[in-house]
There are 2 protein chains.
Amino acid sequence: MAKEVTTRAENYSQWYNDLVVKADLAEQSAVRGCMVIKPYGYAIWEKMQSILDAEFKKVGVHNAYFPLFIPKSFFSKEAEHVAGFAKECAVVTHHRLMNDPNGKGVVVDPDARLEEELIVRPTSETIIWSVYKNWINSWRDLPIICNQWCNVVRWEMRTRPFLRTAEFLWQEGHTAHATAEEAEAKANEMVHVYADFARNVLALPVVVGHKSPNERFAGALDTLTIEAMMQDGKALQAGTSHFLGQNFAKSFDVQYTNNEGKLEYVWATSWGVSTRLMGALIMAHSDDNGLVLPPALAPIQTVMVPIYKSQEDRAAIIARMEVLKAKLEALGHSVKIDDRDTLRPGFKFAEWELKGVPVRIAMGMRDLEAGTVEVARRDTLTKETMALEGIESHIHTLLDEIQTNIYTKALSFRDSNIRKCDSWEEFKQEIVKGGFLLCHWDGTAETEEKIKEETKATIRCIPIDTAVCEEEGKCIYTGKPSHRRVIFAISY
Amino acid sequence: MAKEVTTRAENYSQWYNDLVVKADLAEQSAVRGCMVIKPYGYAIWEKMQSILDAEFKKVGVHNAYFPLFIPKSFFSKEAEHVAGFAKECAVVTHHRLMNDPNGKGVVVDPDARLEEELIVRPTSETIIWSVYKNWINSWRDLPIICNQWCNVVRWEMRTRPFLRTAEFLWQEGHTAHATAEEAEAKANEMVHVYADFARNVLALPVVVGHKSPNERFAGALDTLTIEAMMQDGKALQAGTSHFLGQNFAKSFDVQYTNNEGKLEYVWATSWGVSTRLMGALIMAHSDDNGLVLPPALAPIQTVMVPIYKSQEDRAAIIARMEVLKAKLEALGHSVKIDDRDTLRPGFKFAEWELKGVPVRIAMGMRDLEAGTVEVARRDTLTKETMALEGIESHIHTLLDEIQTNIYTKALSFRDSNIRKCDSWEEFKQEIVKGGFLLCHWDGTAETEEKIKEETKATIRCIPIDTAVCEEEGKCIYTGKPSHRRVIFAISY
C-alpha cells in the first residue's frame, strides 16, 4: 500500500496528491473543484475545530450562523471588496426544477427566475454587516464578537485538495467595536490565537506578520497573517486576521451612539482559518511513507497490531491489548486495536504508517509470554522492545515527545531555510531554491509587483515577532532606503 | 421586556414568533426564508449537536463531508426521489460576476454559464451514493456508516423560523449495508437514538412509528419517525430515519461482491434531524413569560443577579457569587453572574425568564449577612429563600429535578391529549380540538387522502412502541376492517 506513494524527491506535488487520496483524507467529487472529505480526514478537521473553538471561547467568542446566500446588490456596496471578491463565485438564478417536457429528466423552470440573483457566500462580511446594523444601536451593544463555522464557495479555476477548492470549510470571525484601537487589538489577539494553535497543535512553526498593502484582504486596512514553510521551501498562508476599519460599517450604515450621545461608525475585524490547514499539516510533516500526524490531531494516537498464528493466540493477545487500551483511554488517548483477521501484520503496519498514526504497538505470543511489546514511533520510524508492565505511562510521555519532536523538526527545517539576501542578483539565484528570503524592500507596491513578475516571489509578510528584521538597509530591487527586512517567498 | 411577548391564548403563532425574536434565538435576514441564528440560539443548537454527535459515535457513526452542490442530472437518476425533492431548490447557473458596463455595481457575466446547472443540496442521497460507488467493492467494505453536519436548502414558499426555512442546518446520516435486514436494523436503531435524545435531552415525549406510504421520504421503502405534540395540540415531526432499500444503489450502480463472489446491490438507510428541533423545543415547553429550557440544553443553567445600592455592596455580593460560581462550575454547570451595572434587578429577572434560564439566584446585602440566597425556578416560577452554605449541591439536584419536571409536564399534557376515536362524525369534531387521535384506518392511500382533504389531518405515524394501538377494529372513514390504530393529527 505505502509503496504506491510517489516520493517527494520524484514529484513533490504528486506526493501530496497521493497522500491525500491514499491516506483516505479526501477525494475529488463529481462536482468540479469540490472535494469529499472522507471520515479519516474529517476526524482530523473535527479535532482542529474542537480545539480551536475552545480557544475562541476562552477569549469571548460566540458562535452564530448567517445565511449561505448573499443578495448580489450587497457586493456593490463595498467598492474594494467587490473588486477582490465578487468575481469568481457561484450564482443562484432560479429556484425551481421541472420535469423536462420531452421526458428527459429535469430542467430548470424558466418561470422560476429570482428577482435578484443570490451569491453563494465567498466570505460573509457583507451579509453579516447587514445584520449587525440591527444589533447595534448604542455603545452598550459593543463589542460583538461572533464566529461561524461554515462552508464557502470561490469558483477557483485551478484546484488542489485542501489547498484550493471551490467549496471549502472554514471559520470566519466578525467583530464590531467602538474604537479603532479596540478593533486593532482584537485583530492582533486573534492572529496570535492562530499562531499558538499552529505551533502547539499543528506542530507548525509560523511567522506572524502584516501583509503588504498589495496582499491585503479586499476591504481591509491591515491584514495580519501566519505564514508557514512547507517541505519544498514554499510558503503557505495558514490563517489571516483583518482590521477592516469602518469600511463595512459605512457601506451598511452601521452607527452607534457613543456615551456622549454622538453617532459614530463602528470598527470591524474579521479572521479565518480553513480546511487549508489540512494541506499545511500534510505538507509540513509527512514523509515518503505517508502522513506524519502530530498526536494532538491524530484521530488514532496508538494502534495495536496483534501477531498470531492460531485463533487461540489471537484471542489471548487481543485480550491483553484490551487491558492496555482501557488504561490508555483512561489517560485520555485514542486507541485502536487492529483486529482484522484477513490482513497480514506487514500490510497493517504499512497502512497505519501511511495514515500517520503516531505510535504503533505490536504484540506476538513470544511478547505475551515475555511480558514485552514492540513500540514503533511514526515520526522517527524507530522501534523498541519494551516491558509491557507500565507501558501506558511511557506512551503517555512518548506522545508528548513526538508532538514536540515534530515541531522541532519543522522548526529546524524552516530556520535552516530562512536566509538574508542583499542583492538582486543573489535574490534571483536564491529564490528558486525555495525558503524564506529576508530582504529590504522600498515599501512600494510597484517594486513588489516587479519582483513578482520577474520571480513569482511575493512578500509573505512583514514580521512582527522577530527582531532579526529590524535594521536599516537598501531595497534589493531599487536600492532605495528601507527600515526593516520583509519575507519574500514563492507561495502556495 | 417579557411583557412584550404575545400570550399563547391570544395568538399561539405570534407567541412563537415573539419568543424566537425576543429571546434572541433567531431573526429573518435580507434573504427570503433564510434566518440568522443568533448567538444565544446557536449555543442551544451547539449543545444539541454535541450531545447527539457523541451518541452517534457510540453507535459507530463517522462524520465526513460531501459537496454542497449536486449536478442536475443526478436528480434524474432516482425517479421517486426526483418527484419528491427536485422541485423547489436553489439552482446555480453561473460562476462569475462582472462590473456592470453601465457602472451600476455588478451583474452576472453571461459568458460564465455552467455547462450543467448545479443544485444546492436539499438532501444528499444522490451525491453521496455517487461517491459510495467508489468506496464499495467487496463485502469487506461494508457497512459504511457516515454522517455529515451541514446546511441544506429547500425553496419553501411559506417559511417560519426554525420550523420551515429555505436554508437550515441539520445532520444527515447515510449508511450502506450488505443485507436488507442489517439496513432495516440500522434505520430502527437510529430512530431510537433520536427518540432517546428527544426524551432525555429535549425533555420531549415522542411517539416512534412508521410513516404511512403516502408520507414516506421520496425514494424510501419505509420511513420511521419521532412525532411530538406541541402545546396547541398540533403534531411536529422531529426526526426521521429511512430504509431506502436498493433504490439509490441501483440508480448509481453501487454493487459489492459478496463472500461467495457474486455481485449484489447495496442496501441503504438515511436519517436526519435539523434546526427544526429548536422549534419543537420552544413550542413544547415555553410559557407566556418566555422560553423554558431543559437544563441539559440551557447555555446558561444558573444566572445570578446581585441586588445592591452601593458599589461596595455590589463588590461584596459579586465576590461571594464568584465563589459559588466556581463551585457550580466544578460540578459541570454553566453559570453567569449578571453584573451589568446599568440595569435594574427586575429588568434582569424578566430578561433571564424570557431567555429560559432554569435557575436564578438573587442575593442582596441582607442575604449576604444572613447567609441566604433566593433561588427561583424557571419551570414552576416558584421562589425560595435558602441557606447559602451547601447551596451548590442543592442546585445540582435541582437541575435534574427541573429536567425531569419539564419532561413530565410535557408527557402529561401529551397523554391527556391522546384519545381514541371510533366514528367519522366524532373524528371531525375532535380533530379541530387538537391532539393525537388514535383511529382505525383501512390502510389505503385513498382513504388517507380523503381524510386529509376533509379535515387537514394526516397520519402522523403507525406507532411501534405502544400496545394501546394493537387491536382489531373498523376504519373510521370506510368502515373496512383494520388491525391496529394509527395516529391522526393536524401537523406543522
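See above for the structure.
So, here is what we can say about the structure in this document.

**Concerning unusual backbone geometry**
Of note, the bond from A:Leu142 into A:Pro143 is cis; its omega dihedral lies within 30 degrees of zero at -5°. Tracing the backbone shows A:Pro143 in the loop between helix 4 (125-135) and strand 8 (144-153).

**Quick look at the pattern of salt bridges**
Enumeration according to the criterion identifies 72 salt bridges over all chains in this entry. Notably, a salt bridge pairs A:Glu392 with A:Lys327, separated by 4.0 Å at the nearest N-O pair. Of this pair, A:Glu392 sits in helix 11 (residues 391-415) while A:Lys327 sits in helix 8 (residues 311-330), placing them 65 residues apart in sequence. Residue classification places A:Lys327 among the partly exposed residues on the basis of a relative accessible area of 35%. Residue B:Lys38 pairs with B:Glu27 through a salt bridge whose shortest N-O separation is 3.7 Å. Of this pair, B:Lys38 sits in the loop between strand 2 (35-37) and helix 2 (39-58) while B:Glu27 sits in strand 1 (residues 26-28), placing them 11 residues apart in sequence. Comparing B:Lys38 with B:Glu27 shows no difference in burial state: the two are buried. Linked through salt bridges whose partners overlap, the residues forming this network are A:Asp24, A:Glu27, A:Lys38 and A:Lys355.

**A few points about the sheet that holds strand 20 (residues 383-387) of chain B**
Residues and elements named next belong to chain B. The sheet built from five strands is open, its strands ordered 17-16-18-19-20 with mixed pairing. Across the chains shown, the open sheet's two edge strands, defined by having one partner strand only, are strand 17 (335-337) and strand 20. Neighbour-to-neighbour, the strand axes of the sheet open up by a mean angle of 25°, direction not taken into account. Across the sheet, helix 8 (residues 311-330) lies against strand 16 (302-306), strand 17 and strand 18 (359-363), angled at about 170° from strand 16, the strand it touches most. Helix 11 (residues 391-415) rests against strand 16, strand 18, strand 19 (372-377) and strand 20 of the sheet, and its axis sits at about 10° to strand 19.

**Here we look at the nonpolar core**
For soluble globular proteins, nonpolar side chains are generally found buried alongside one another. Formed by 92 residues in total, the largest nonpolar core has its most connected members in A:Phe69 and B:Phe69. Non-local contacts of B:Phe69, meaning those with residues more than four positions away in its chain, are made with A:Val31, A:Cys34, A:Ala90, A:Val120, A:Val153, A:Trp155, B:Val92, B:Leu118, B:Ile119, B:Val120 and B:Ile127.

**Side note on helix 2 (residues 39-58) of chain A**
Helix length check: helix 2 of chain A (20 residues) gives 28 Å between terminal C-alpha atoms against 28 Å at 1.5 Å per residue, within 8%. Within helix 2 of chain A, burial applies to A:Tyr40, A:Gly41, A:Tyr42, A:Ile44, A:Trp45, A:Glu46, A:Met48, A:Gln49, A:Leu52, A:Asp53 and A:Phe56.

**Some words on the pairing of strand 26 (residues 485-489) of chain A**
Regular strands show a simple pattern: their side chains alternate between the two faces of the sheet. Residues and elements named next belong to chain A. Among the five residues that make up strand 26, five are buried, leaving the element largely enclosed by the rest of the structure. Where burial is concerned, the two faces of strand 26 agree: the one with Arg485, Ile487 and Ala489 and the one with Val486 and Phe488 are both buried. Of the pairings in the sheet, the one linking strand 22 (residues 436-440) to strand 26 comprises four bridges and is antiparallel in character. The residue bridging Leu438 from the neighbouring strand is Ile487, located in strand 26.

**Points about the relation of the copies chain B and chain A**
Each copy superposes on the other: chain B lies on chain A with an RMSD of 0.0 Å after a rotation of 180° and an axial shift of 0.0 Å. Seen this way, the second copy is the image of the first under a two-fold rotation axis. No C-alpha of chain B lies nearer the rotation axis than that of B:Val92, which sits 2.1 Å from it. Looking at the interface residues of chain B, 100% of them are also at the interface in chain A, so both copies use one shared face.

**Details of helix 13 (residues 445-455) of chain B**
Residue and element names in this part refer to chain B. Of the positions making up helix 13, those classed as buried are Thr447, Glu448, Ile451 and Thr455. Down the axis of helix 13, the buried set is contained in an arc of 100°. They therefore lie on one face. Exposed positions of helix 13 whose direction lies more than 90 degrees from the buried face are Glu446 and Glu453. For helix 13, the elements touching its buried residues are helix 12 (424-431), strand 23 (458-463) and strand 26 (485-489). A positive backbone phi angle near 70° is found at Lys456, which sits one or two residues after helix 13.

**A closer look at the packing of helix 2 of chain B against helix 7 (residues 276-285) of chain B**
All names here are of chain B. Running from amino to carboxyl end, helix 2 crosses helix 7 at an angle of 105°, the nearest separation of the two axes being 10 Å. Between helix 2 and helix 7, the angle is such that the two are roughly perpendicular. Where helix 2 abuts helix 7, its residues Gly41, Ile44, Trp45 and Met48 lie against Leu277, Met278 and Leu281. Residues of the contact of helix 2 with helix 7, tallied by class, amount to six nonpolar, one polar and no charged.

**As for the interface of chain B and chain A**
When the parts of a complex come together, some accessible area is lost, and that lost area is often taken as the interface size. Each partner contributes to the interface: chain B provides 64 residues, whereas chain A provides 64 residues. Interface area, chain B with chain A, both sides summed: about 5200 Å², of which 66% is carbon and sulfur. Here B:Glu88 and A:Arg96 are joined by a salt bridge, their closest N and O atoms 2.6 Å apart. In this structure, the connection of chain B to chain A is made through 32 residue pairs in polar contact (both at pLDDT 80 or more). Considering each element in turn, the side of chain B that touches chain A owes the most residues, 11 residues, to strand 5 (residues 88-99) of chain B. The residue makeup of the side of chain B that touches chain A, split by class, is 39 nonpolar, 12 polar and 13 charged. Pairing of strand 5 (residues 88-99) of chain A with strand 5 of chain B, which is carried by five bridges, proceeds in the antiparallel orientation. Within strand 5 of chain B, the position partnered with A:His94 by the bridge is B:Val91.

Cut-offs and rules
Residues numbered from 1 in each chain as written. Chains lettered and ligands numbered in written order. Predicted model: local features only at pLDDT ≥ 70, side-chain atom pairs only at ≥ 80, totals over all residues. Heavy atoms only, no water. Helix = DSSP H or I, 4+ residues; strand = E, 2+ residues; numbered from the N terminus. Salt bridge = Lys/Arg side-chain N within 4 Å of Asp/Glu carboxyl O. Buried < 20%, exposed > 50% of the residue type's maximum accessible area, 1.4 Å probe, protein only. Pairing = 2+ DSSP bridges. Axes fitted to C-alpha atoms, helices over the stretch in contact; angles between N-to-C directions. Contact = heavy atoms within 4.5 Å. Core = buried A, V, L, I, M, F, W, Y, C linked by side-chain atoms within 4.5 Å. Expected span 1.5 Å × (residues − 1). Least-squares fit on C-alpha atoms with pLDDT ≥ 70 in both. Arc of directions from axis to C-beta. Parallel < 35°, antiparallel > 145°, perpendicular 65-115°, else oblique. Nonpolar A, V, L, I, M, F, W, Y, C, P; charged D, E, K, R; others polar. Buried area = accessible area lost by both parts, 1.4 Å probe. Polar contact = N/O pair within 3.5 Å; in protein donor to acceptor, adjacent residues only side chain to side chain.

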